[in-house]
Amino acid sequence: MKKYLIGVSGGPDSMCLLDMYRKEVKMVCHVNYNKRKTAKRDEEIVKEYCKKYNIKLSVLSVSRKMYAKYMKVENNFQSIARKIRYDFFVECAKKQEVNTVLIAHNYDDFIETAYMSMKKESKNLLYGIKKRSKYKTIYISRPLLFKRKSSLLKYCIDNKINFGIDETNLEDGYERNRVRKELAKMSKEEFKVLVEKIKTYNLNNLKLQNEVNVEYAKWKKQKYLDSYFAQTNEKLRYYLIYNWLSENDVTNISSSKIEGVEEFIIKAKKGKSYRLNNELSIVKK
């Protein structure tokens with residue numbers, strides 16, 4: 001039987017995932033960001049469950065020093081938290097000799113992410129969240145991606161699984177929370193129309209996504225030669241760069257950043273560099 005790592009926050013979604021997959025889990029990973037009063041409560045919920053079923057647990061308590069380190073690259077808390085969390089998963093996966101981490105993203109998360117992309121008129125080929133993705137040396141799998149959040153909560157209640165509610169999910173300080181409230185105000189018909197729009201957009205881009213994947217594999221095989229990139233279809237270039245930045249764990253990828261990189265690859269002379277963030281630059285060899 002294949003074994004996984006699993007990221008568990010202590011909320012109903014991740015506790016539901018843990019209970020469903022506990023026999024396939026080699027280790028549970030919990031991150032305590034120490035940013036809210038109930039953080040310790042959630043940590044204890046995860047500890048109690050792992051103790052009950054004799055499951056290995058690794059807890060990362062995030063210090064100010066660690067935040068300061070990541071703030072050199074990022075200034076958005078959500079992005080910093082994600083990077084801390086995923087880097088922790090990579091570290092644990094290496095120690096446990098596991099290559100896949102299970103995450104409790106659900107259908108509500110998928111629709112929220114898609115809706116945010118739609119509002120921004122993003123050029124993403126997929127509106128929503130991928131069922132499976134890669135981060136550095138690990139694969140991220142989302143087995144509950146098409147389950148509604150309400151059904152996961154019901155599972156916990158019906159099976160008497162303890163969980164904690166993150167009260168910051170109700171605050172308007174984060175974009176996702178504001179979007180969640182907007183979606184909650186929609187009628188059933190409005191929500192249905194939104195879902196159909198998302199499905200149509202993703203289906204229409206399926207062929208292009210396949211073309212991009214094929215071309216990216218070729219470019220990668222060519223060791224990202226600028227001359228090879230310059231002769232590729234202009235329509236694909238934007239997405240080739242997006243894939244390249246994602247593969248190198250560059251966050252907050254914007255259209256302007258992608259367009260800047262494209263211009264650099266085609267026009268810059270040898271020896272020139274292009275700064276992506278505080279820690280990473282592209283150098284043209």
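In the block above lies the structure referred to throughout.
So, a few notes on the structure that sits alongside this text. Predicted model, so just to flag it, every value in this text is computed and none were measured. (Residues numbered from 1 in each chain as written. Predicted model: local features only at pLDDT ≥ 70, side-chain atom pairs only at ≥ 80, totals over all residues. Heavy atoms only, no water.)

A few words now on the overall build of the chain. When you go through the chain residue by residue, the secondary structure sums to 12 helices and 8 strands. Over its C-alpha trace the chain gives a radius of gyration of 21 Å, about what one expects of a compact globule, namely 19 Å for 285 residues. Overall size of the chain, expressed as C-alpha extent along the three principal axes, is 60 × 45 × 40 Å. Out of the 285 residues belonging to the chain, those deemed buried represent 45%. Accessible surface, the chain: about 17000 Å² in total, of which carbon and sulfur atoms supply 51%. Within the chain, one finds 61 positive and 35 negative side-chain charges whose respective centroids are separated by 5 Å. (Helix = DSSP H or I, 4+ residues; strand = E, 2+ residues; numbered from the N terminus. Rg over C-alpha atoms; globule rule 2.2 N^0.38 Å. Buried < 20%, exposed > 50% of the residue type's maximum accessible area, 1.4 Å probe, protein only. Areas by Shrake-Rupley, 256 points an atom, 1.4 Å probe, with all protein chains shown as cover. Lys, Arg positive; Asp, Glu negative; His and termini not counted. Charge placed at Lys NZ, Arg CZ, Asp CG, Glu CD.)

The subject of this paragraph is the nonpolar core. If you look at the biggest cluster of nonpolar residues, it comprises 24 residues, and the most contacted ones within it are Leu5, Phe89 and Ile138. Sorting the residues of this core by element identifies β2 (25–32), α3 (64–71), α4 (77–96) and β6 (138–141) as the ones contributing at least two each. With 9 residues, α4 is the largest single contributor of residues to this core. Sequence-distant contacts of Ile138, defined by excluding residues within four places in its chain, comprise Tyr86, Phe89, Val90, Ala93, Asn99, Val101 and Ser133. One finds Val212, Trp244, Phe264 and Leu276 within the second-largest nonpolar core, a separate group that totals 22 residues. (Core = buried A, V, L, I, M, F, W, Y, C linked by side-chain atoms within 4.5 Å. Contact = heavy atoms within 4.5 Å.)

Considering only enclosed or pocket space, the second largest pocket measures out at about 360 Å³ in volume. Forming the boundary of the second largest pocket are 14 residues, of which Tyr224, Asp226, Ile282, Val283 and Lys284 lie nearest the centre. Of all the secondary-structure elements, those providing two or more residues to the lining of the second largest pocket are α12 (255–267) and β8 (281–283). Considering each element in turn, the lining of the second largest pocket owes the most residues, 3 residues, to α12. Class assignment of the residues belonging to the lining of the second largest pocket gives a composition of 9 nonpolar, no polar and 5 charged. (1 Å grid on protein atoms, 1.4 Å probe; cavity = no way out; pocket = protein on both sides within 12 Å on 5 of 7 lines; lining within 4 Å. Points joined across faces, edges and corners; volume = space filled by probe spheres on them. Nonpolar A, V, L, I, M, F, W, Y, C, P; charged D, E, K, R; others polar.)

Right, let's get into the packing of aromatic side chains. Per the stated rule, a full pass over the model turns up 16 aromatic pairs. Taking 5.2 Å as the distance between ring centres and 75° as the angle between the ring planes, the aromatic pair formed by Tyr238 and Tyr239 counts as edge-to-face. Like Tyr238, the residue Tyr239 is buried in the burial classification. Within the aromatic cluster, the residues linked to one another by ring pairs are Tyr216, Trp219, Tyr224, Phe229 and Trp244. One cation-aromatic arrangement involves Arg82 over Tyr86; the distance from NZ or CZ to the ring centre is 4.4 Å. Taking NZ or CZ as reference, Arg237 lies 5.9 Å from the ring centre of Phe229, over its face. (Phe/Tyr/Trp six-rings, centres within 6.5 Å; stacked < 30°, edge-to-face > 60°. Lys NZ or Arg CZ within 6 Å of the ring centre and 35° of its normal.)

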